[in-house]
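These are the residues of each chain, in order.
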Amino acid sequence: MSQSALYATFARADVAFERGEGSWLYTADGDAYLDMMGGVAVNALGHAHPRLVAALKAQAEKLWHVSNVFRIPEQEAVAEKLADLTFADRVFFCNSGAEALECAIKTARRYHFVNGRPERVRIVTFEGAFHGRTLATLAAGGQEKYLEGFGPKAGGFDQVPFGDPEALDAIIGPETAAILVEPIQGESGVRPVEPQMLRHLRELCDRHGLLLVFDEVQTGMGRTGKLFAHEWAGVTPDVMAVAKGIGGGFPLGACLATEAAAAGMTAGTHGSTFGGNLLAMAAAGTVIDVVAEPEFLEAVRAKGLRLKQKLAGLVDTHPEVFETVRGEGLMIGLKCRKPSGEVVAAMRARKLLCVGAGDNVIRFLPPLTISEAEIDEAVHRADAAATDIEAASRKGAAA
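A.B. asks: So what about the sheet that holds strand S11 (residues 239-242)? Which residues, and what values?
C.D. replies: Read across the open sheet, the seven strands follow the order S4-S12-S11-S10-S7-S5-S6; overall the sheet is mixed. Both outer strands of the open sheet, strand S4 (90-94) and strand S6 (157-160), are each paired with one neighbouring strand and no more. Averaged over all pairs of adjacent strands, the angle between strand axes in this sheet comes to 20°, irrespective of strand direction. Bridge count for S4 against strand S12 (residues 253-257) is five bridges, and the pairing is antiparallel. By the bridge assignment, Phe-93 is partnered in S12 with Ala-254.

A.B. asks: Break down the sheet that holds strand S17 (residues 361-364) for me, with residues and values.
C.D. replies: Sheet strands line up and pair through hydrogen bonds in the backbone, either parallel or antiparallel. Within the open sheet, the four strands sit side by side as S13-S14-S17-S16. Their pairing is antiparallel. Only two strands of the sheet have a single partner each, and these edge strands are strand S13 (322-328) and strand S16 (355-357). Direction aside, neighbouring strands of the sheet carry axes that sit 30° apart on average. Direction of pairing for S16 relative to S17: antiparallel, over a ladder of three bridges. Following the sheet pairing, Ala-357 is matched in S17 by Val-361.

A.B. asks: So what's going on with the packing of helix H11 (residues 340-349) against helix H12 (residues 372-398)? Residues and values would help.
C.D. replies: Two elements in contact, H11 and H12, have axes separated by 8 Å at closest approach and are oriented at 120°. Here H12 runs oblique to H11, going by the angle between their axes. Between H11 and H12 lies a crossing of right-handed hand. Where H11 abuts H12, its residues Glu-342, Val-343, Ala-346 and Met-347 lie against Ala-382, Ala-385 and Ile-389. The residue makeup of the contact of H11 with H12, split by class, is six nonpolar, no polar and one charged.

A.B. asks: Outline the packing of aromatic side chains, listing residues and values.
C.D. replies: This structure, assessed with the given rule, holds two aromatic pairs. Its guanidinium or amino end placed over the ring of Tyr-26, Arg-19 lies 4.1 Å from that ring's centre, counting from NZ or CZ. Against the face of Trp-232 rests Lys-226, its NZ or CZ located 5.0 Å from the ring centre.

A.B. asks: Which residues make up the environment of Thr-134, and what values do they have?
C.D. replies: Checked against the element boundaries, Thr-134 lands in the loop between strand S5 (122-126) and helix H5 (135-141). Separated by 33 residues in sequence, Thr-134 and Leu-101 place their C-alpha atoms 9.5 Å apart. The contact partners of Thr-134, leaving out residues within four places of it in the chain, are Ala-98 and Glu-102. Looking at Thr-134, its side chain comes within polar contact range of the side chain of Thr-137, at 2.7 Å.

Criteria and thresholds
- Residues numbered from 1 in each chain as written.
- Predicted model: local features only at pLDDT ≥ 70, side-chain atom pairs only at ≥ 80, totals over all residues.
- Heavy atoms only, no water.
- Pairing = 2+ DSSP bridges.
- Helix = DSSP H or I, 4+ residues; strand = E, 2+ residues; numbered from the N terminus.
- Axes fitted to C-alpha atoms, helices over the stretch in contact; angles between N-to-C directions.
- Parallel < 35°, antiparallel > 145°, perpendicular 65-115°, else oblique.
- Left-handed = near helix turned anticlockwise from the far one by under 90°.
- Contact = heavy atoms within 4.5 Å.
- Nonpolar A, V, L, I, M, F, W, Y, C, P; charged D, E, K, R; others polar.
- Phe/Tyr/Trp six-rings, centres within 6.5 Å; stacked < 30°, edge-to-face > 60°.
- Lys NZ or Arg CZ within 6 Å of the ring centre and 35° of its normal.
- Polar contact = N/O pair within 3.5 Å; in protein donor to acceptor, adjacent residues only side chain to side chain.

Any link to function would need more than the numbers given here.
So, in structure tokens, the structure goes:
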């Protein structure tokens, strides 16, 4: 791959796409790839969805950006949609998942500050978490491979082992402000938090006067078959960070909160130049209208079950390549026995796009609009990729 003027921060695959349609991406040479990663859970409605294209075109011809110095009625309308569909009373719009988490962290700390407990600034997080790439969200995630070389770790975060209620109970102290958790850890290998653990977190927060903060950047906007993944456990947070799928490919993040939790976020305490601009709101309003329909979410659940069952069949067929399947809805992790990078490359050679994660897992995060026939085709290509890997292993052993 030729050198470019870009930062060398991504190990990019040497393939580029010119256009997309639904669940398919096309190179300039006309090669078609079946997209089972959806821009890493971003393209909720697939590529070039007619309603999304129409909404952006219509808004682009009127007005793009005015800044939050002025009222933006379209922003207020999207916030109302989110409030009507969720636990939240207040919404702050930004541009990314990391920014949504930054807002959530600040919201939790300011909540205690205005309620006379300024010492409550520490936030409990979980090993394996990924909350973003800013200095604060890197500290919240706590993964050394991402923190290395960036100087002192931002303070105020206490990590406990994943799924360890005793350690969680022990870490809470007089300076604890909140508990922050992903209902399903995505980057660390599609690891779901058990529903009873989420309920335990809610009970702990209520008992100690803490805020419960959910990171639904990857799990939200219908990805798991509910509008938000925490709905499966029947638990509601006080604050929630959302991004990725909410813009359908347009950069957008949002921090949602109850009236009480957002009480400290008064004029001047937080801001964003671009957050919630008119193009972003045109995209988000359309995505929400489509995804929030009960029949749409029902279809996601059915397609997710189909994908999970068929991938389980691949595990049975190729036990030397795959180990197990986990996840919910159209957020599925396939744990590999072979190196996950090798498996992703073999699938890409079969023109199937998936994305790696921790714990030697590859993620299937297709557009929520994917068809059953396309799911079947994806599994067929994954099967062929596994056969290729097995053949290469046998050839290597014989050499």
